[in-house]
Amino acid sequence: MIQAAYTPPTELRRVSMLALAVGFLFFAFFIFGWLIDRTQFFHAYLVGFIFWIGITIGSLALLTLQHLTGGAWGLIIRRVLEAATRTLPLMLILSIPLLVGLNQIYPWTNRAEMDQIPALREKARYLNPAFFMTRAALYFTIWSLMALALNWLSVQQDRTADPKIRKRLQMISGPGLGLLILTITFAAIDWVMSLDPAWYSTIYGLIFVASWSLSALAFGILVMSWLSKREPMNTVVRTSHFHDWGNLLLTLVMLWTYFAFSQYLIIWSANLPEETTWYVARKHGGWGVIALVIVILQFAFPFLTLLSRATKTSPQKLALLAVLILAMRVMDVIWLVEPSFNREHFHLSWMDLVAPIAIGGLWIATFAWQLQKRSLVPINDPQLEQALTAHAGH
């Protein structure tokens, strides 16, 4: 029998308060960095923002995928994904410092330098502050409307048990997933690729689609591992659910690797100076070491580990792997962003590590607060009873 409600554990309130305290503490430390090096502050802030907006929008992508495909894997993790999407208002507020520091972050804000090179002069029609902010507002509007619709319909399903709601969720998720891929692609171009306005890659946006989804799933697995040790989810979450999440995690690891390697192979084979300079700046010195670490710990080790059923059916092992992947995702964002500002030498600031923690404290506090608001399982989803019965005893 399905319970009438799955009340979130009371520890979530303590998690929220602790995360908020950590966020404020590290933000105070981070603001000290703003006083001593304002330019580096904005560079590091971009790193933290890109990482956490990735988990937010990646969760929205996985949520649409779940509504389209169904299955127990998505039903059990749905409320975690929904709570993650409801951090969008926070991320909208946290995007304001990027607009304030636009001149310190993006070289294309200097119109005089753009006009000196014909190719960049043409790009100035697209890369200018007014159009940049308009596009950012459009992305947040689309993401917010999608998150609002999916969350509202999910609540209505809990309240009314109307079987037609599942069809509406699917109707939104189909075109919604296409819109997400499109907006993530343009957001990646605007927020990260335009750090090198003379460089371009046609596959760059797909790398972010895969990596943001990977970040979101890794975070979701970590949360589900924590919840599975506490009531009421200790009676709901099975090792078979973790096995499903492990399989999807393996798929996303391979998808990210495929896109990232495809980009490298295409640029390497073409061997055009205007394209290879991007990799040259990221292959030498400390950046080369970090690139190797990312290849090993974000692809090779997770790939080999996730081939084992023992890893995928162990909440503890899968959670540890999720922590490793999230750490590598931070390093990957640093590797994508920072060499654009320091092409001649390796430079890694303490602020690059503090910023993700500071923003993350506020993000996790908001997430935990949102997760407390609803039943941890969509109680009136037509597929729920079948999903729980099919996974019983596993």
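Just above, that's the structure.
Please read these numbers as outputs of a predicted model, since none were measured by experiment. (Residues numbered from 1 in each chain as written. Predicted model: local features only at pLDDT ≥ 70, side-chain atom pairs only at ≥ 80, totals over all residues. Heavy atoms only, no water.)

Draft legend 1. Just the overall build of the protein chain, in detail. Tallying secondary structure elements over the protein chain gives 18 helices and zero strands in all. Over its C-alpha atoms the protein chain spans a radius of gyration of 21 Å, differing by no more than 12% from the 21 Å that the globule rule assigns to 394 residues. With the C-alpha coordinates of the protein chain rotated into their principal frame, the extents come out at 70 × 40 × 40 Å. Relative to its 394 residues, the protein chain shows a buried fraction of 56%. (Helix = DSSP H or I, 4+ residues; strand = E, 2+ residues; numbered from the N terminus. Rg over C-alpha atoms; globule rule 2.2 N^0.38 Å. Buried < 20%, exposed > 50% of the residue type's maximum accessible area, 1.4 Å probe, protein only.)

Draft legend 2. Local environment of helix H1 (residues 11-36). Taking 1.5 Å of rise per residue, 26 residues should cover 38 Å, and H1 covers 38 Å from first to last C-alpha, within 8% of that figure. Where H1 is concerned, the buried positions are Leu 12, Ser 16, Ala 19, Gly 23, Phe 27, Phe 30 and Gly 33. Residues of H1 that are buried sit in contact with helix H2 (38-69), helix H4 (88-94), helix H11 (204-227) and helix H17 (350-371). (Expected span 1.5 Å × (residues − 1). Contact = heavy atoms within 4.5 Å.)

Draft legend 3. The packing of aromatic side chains, seen in detail. All told, the structure shown has 33 aromatic pairs when counted by the stated rule. A ring pair is formed by Phe 140 and Trp 143, whose centres lie 5.6 Å apart and whose planes are at 70 degrees; its orientation type is edge-to-face. Placement of both Phe 140 and Trp 143 in helix H9 (residues 129-160) is noted, with a separation of three residues, approximately one turn of the helix. Residue classification places Phe 140 among the buried residues on the basis of a relative accessible area of 5%. Against the face of Tyr 126 rests Arg 135, its NZ or CZ located 3.6 Å from the ring centre. (Phe/Tyr/Trp six-rings, centres within 6.5 Å; stacked < 30°, edge-to-face > 60°. Lys NZ or Arg CZ within 6 Å of the ring centre and 35° of its normal.)

Draft legend 4. Looking closely at the layout of surface pockets. Counted as a void, the largest pocket has a volume near 640 Å³. Those elements that place two or more of their residues in the lining of the largest pocket are H1, H2, H11, helix H16 (315-337) and H17. For the lining of the largest pocket, the leading source of residues is H17, giving nine residues. Considering only residue class, the lining of the largest pocket consists of 23 nonpolar, two polar and no charged. (1 Å grid on protein atoms, 1.4 Å probe; cavity = no way out; pocket = protein on both sides within 12 Å on 5 of 7 lines; lining within 4 Å. Points joined across faces, edges and corners; volume = space filled by probe spheres on them. Nonpolar A, V, L, I, M, F, W, Y, C, P; charged D, E, K, R; others polar.)

Draft legend 5. Region of interest: the side chain of Thr 87. Tracing the chain through its elements places Thr 87 in the loop between helix H3 (72-85) and H4. Residue class for Thr 87 comes out buried when judged on its relative accessible area of 0%. A distance of 2.6 Å separates a polar side-chain atom of Thr 87 from the backbone oxygen of Ala 84. When neighbours within four sequence positions are excluded, Thr 87 is seen to be in contact with Thr 56, Trp 363, Thr 366 and Phe 367. (Polar contact = N/O pair within 3.5 Å; in protein donor to acceptor, adjacent residues only side chain to side chain.)

Draft legend 6. Structural view of the pattern of salt bridges. Following the criterion strictly, the structure yields nine salt bridges and no others. Its salt-bridge partner being Arg 374, residue Glu 82 comes within 3.9 Å of it at the nearest N-O pair. With a gap of 292 residues between them, Glu 82 in helix H3 and Arg 374 in the loop between H17 and helix H18 (384-390) connect regions that are remote in the sequence. For Glu 82, a relative accessible area of 0% gives the class buried. (Salt bridge = Lys/Arg side-chain N within 4 Å of Asp/Glu carboxyl O.)

Draft legend 7. Looking closely at empty space enclosed by the protein. This model, assessed by the stated rule, comprises one cavity of 30 Å³ or more. Of the pockets and cavities examined, the largest cavity occupies roughly 50 Å³. Along the walls of the largest cavity sit Gln 66, His 67, Gly 70, Arg 78, Arg 166, Leu 169, Gln 170, Asp 381 and Gln 383, which together make up its complete lining. Mapped onto the lining of the largest cavity, the elements with two or more residues apiece are H2 and helix H10 (164-191). In terms of residue class, the lining of the largest cavity is built from one nonpolar, five polar and three charged.

Draft legend 8. Inspection of the side chain of Glu 275 at higher detail. With respect to the helices and strands, the residue Glu 275 is situated in helix H13 (residues 273-280). Buried Glu 275, no salt bridge; nearest opposite-charge side chain is Lys 123, N-O distance 9.8 Å. With near-sequence residues (within four places) excluded, Glu 275 lies in contact with Trp 199, Tyr 200, Ile 267 and Ala 270. (Lys, Arg positive; Asp, Glu negative; His and termini not counted.)

Draft legend 9. Local environment of the nonpolar core. Of all hydrophobic cores here, the largest spans 126 residues; its most connected members are Ile 53, Trp 143, Trp 191, Met 224 and Leu 249. Residues within four places of Trp 191 in sequence aside, it is in contact with Leu 46, Phe 49, Ile 50, Ile 53, Tyr 106, Phe 132, Ala 136, Tyr 139, Phe 140, Trp 143 and Trp 212. (Core = buried A, V, L, I, M, F, W, Y, C linked by side-chain atoms within 4.5 Å.)

Draft legend 10. Spotlight on a nonpolar patch on the surface. A contiguous nonpolar surface patch, about 610 Å² in accessible area, is contributed by Phe 29, Ile 31, Phe 32, Leu 35, Ile 36 and Trp 350. Counting residues per element, the nonpolar patch draws most heavily on H1, which supplies five residues. Topologically, Ile 31 is positioned in helix H1. (Patch = residues over 30% accessible without salt bridge, like charges linked within 9 Å, V, L, I, M, F, W, Y side chains within 5 Å. Areas by Shrake-Rupley, 256 points an atom, 1.4 Å probe, with all protein chains shown as cover.)

Draft legend 11. Region of the structure containing the packing of H2 against H17. Relative to each other, H2 and H17 sit at 40 degrees, their axes nearing to 8 Å. In terms of axis orientation, H2 runs oblique to H17. In the crossing of H2 with H17, the sense of the turn from one axis to the other is right-handed. Each of Gln 40, Phe 41, Ala 44, Tyr 45, Val 47, Gly 48, Phe 49, Trp 52, Ile 55 and Thr 56 in H2 lies in contact with H17, whose residues at this interface are Met 351, Asp 352, Ala 355, Pro 356, Ile 359, Gly 360, Trp 363 and Ile 364. Of the residues belonging to the contact of H2 with H17, the class tally is 13 nonpolar, four polar and one charged. (Axes fitted to C-alpha atoms, helices over the stretch in contact; angles between N-to-C directions. Parallel < 35°, antiparallel > 145°, perpendicular 65-115°, else oblique. Left-handed = near helix turned anticlockwise from the far one by under 90°.)

Geometric descriptors of this kind do not, in isolation, establish any biological role.
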